[in-house]
Amino acid sequence: MSYSTSLYAIDLDRLKSSIGSGDEHLILAVQELTSADPIDVIERKYHWVAVLEDGSIELDKRDATVEQVVQVYSTLNKHDAIHFLGKNPDLVRSTYRALGEASAGLKNGAAKLLGHPTTMTLDEFYAYNDDDSNSAATEASIIDSVRSLICGNASGSESRYAAEHLCRAIGHWLDDGDTLADIAPLQLDTKLADSRDLPNLENDGDFPIISYLTSKEVKKEIKRLGKIDLSYPADDDIDAARKAFVRCLVEADASNSSVVAFYR
């Protein structure tokens, strides 16, 4: 299973004041940035695994086995996801774990496996609009979401996804060299490993999950982490991620910025 974290250096007060401000100039700035950066418009593939009451599973509304789901998983990339849902939370979790174990050896290790044991009933699953779930994220939809956020009308995961685009416009992305996944396994005891709500950007258990460090907290983290050995010989990926994480904090501190994290 693979997740990713994006870090942004930003003026936290400006981010807070932008939400609900109705600032049309800011909406235009996001639109221009999105138009100039085509990598931001990504086609994402979503698949749905329904866990039935008898423990059997359906993949995209067709009978399937764990092996068949693993096969689909192996074709996905880091922008894609497989969602697990059902009426019985225990069955959903056990199937989710089984697929995680069965796919652990796959080299791509990129797509997300997302468990939703209480998010959607099977009836809602069967009524789900497949065209919507597999549609490309378009420039227009991004701007609409950001406009809703700046005008104070966005909520839930939409507001947090829009907030990331807003952070790109009024702050800057901290390049971690594509090493940061889940921050918690880095064992750095940092607040960025936990969800932290911002006004109008409350976490609700769905992705993306937001966290942040104020500019003062960034300075304290750098000082604290500067006193420990960041090396992690047991895992090269964790070793690289720990060092990249600190480099990102140092880069943010150079402009006396706060750091906002989006985990998905």
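A few points on the structure.

Scoring rules and cut-offs
Residues numbered from 1 in each chain as written. Predicted model: local features only at pLDDT ≥ 70, side-chain atom pairs only at ≥ 80, totals over all residues. Heavy atoms only, no water. Phe/Tyr/Trp six-rings, centres within 6.5 Å; stacked < 30°, edge-to-face > 60°. Helix = DSSP H or I, 4+ residues; strand = E, 2+ residues; numbered from the N terminus. Buried < 20%, exposed > 50% of the residue type's maximum accessible area, 1.4 Å probe, protein only. Pairing = 2+ DSSP bridges. Salt bridge = Lys/Arg side-chain N within 4 Å of Asp/Glu carboxyl O. Contact = heavy atoms within 4.5 Å.

Focus: the packing of aromatic side chains
Line of reasoning, step 1. Under the definition given, this model contains two aromatic pairs.
Line of reasoning, step 2. Relative to phenylalanine 262, the ring of tyrosine 8 lies with its centre 5.8 Å away and its plane at 85 degrees, an arrangement referred to as edge-to-face. Residue tyrosine 8 is located in strand β1 (residues 5-10), and its partner phenylalanine 262 is located in strand β9 (residues 258-263); the two are separated by 254 residues in the primary sequence.
Line of reasoning, step 3. By relative accessible area, which is 4% here, tyrosine 8 ends up buried.
Line of reasoning, step 4. Note on phenylalanine 262: relative accessible area 1%, which makes it buried.

Concerning the pairing of β9
Line of reasoning, step 1. Among the six residues of β9, six are classified as buried, and the element is accordingly described as predominantly covered.
Line of reasoning, step 2. Burial along β9 is two-sided: Ser258, Val260 and Phe262 facing one way and Val259, Ala261 and Tyr263 facing the other are all buried.
Line of reasoning, step 3. Two elements, β1 and β9, share six bridges in a ladder whose sense is antiparallel. Looking at β9, one finds that alanine 9 is bridged to valine 259.
Line of reasoning, step 4. As paired elements, strand β8 (residues 209-213) and β9 share five bridges and run antiparallel to each other. Paired with tyrosine 212 across the two strands is valine 260, which belongs to β9.

Examining the pattern of salt bridges
Line of reasoning, step 1. Counted by the stated rule, this structure contains seven salt bridges.
Line of reasoning, step 2. As a salt-bridge pair, arginine 147 and glutamate 24 come within 3.2 Å of each other at their nearest N and O atoms. Of this pair, arginine 147 sits in helix α7 (residues 139-150) while glutamate 24 sits in helix α2 (residues 24-36), placing them 123 residues apart in sequence.
Line of reasoning, step 3. With a relative accessible area of 32%, arginine 147 lands in the partly exposed category.
Line of reasoning, step 4. In this structure glutamate 24 comes out as partly exposed when scored by relative accessible area, which is 44%.
Line of reasoning, step 5. Taking the shortest distance from any N to any O, the salt bridge between lysine 219 and aspartate 253 comes out at 2.8 Å. One end of the pair, lysine 219, is in helix α9 (residues 215-225); the other, aspartate 253, is in helix α10 (residues 236-254), with 34 residues separating them in the sequence.
Line of reasoning, step 6. The exposure class of lysine 219 is partly exposed, given its relative accessible area of 41%.
Line of reasoning, step 7. Salt bridges sharing partners connect three or more residues here, namely Lys191, Arg196 and Glu217.

Looking at the side chain of serine 145
Line of reasoning, step 1. Looking at the secondary structure, you find serine 145 in helix α7.
Line of reasoning, step 2. Looking at serine 145, the relative accessible area reads 19%, which means it is buried.
Line of reasoning, step 3. Excluding residues that lie within four positions of it along the chain, serine 145 makes contacts with Ala154, Glu158 and Ala162.

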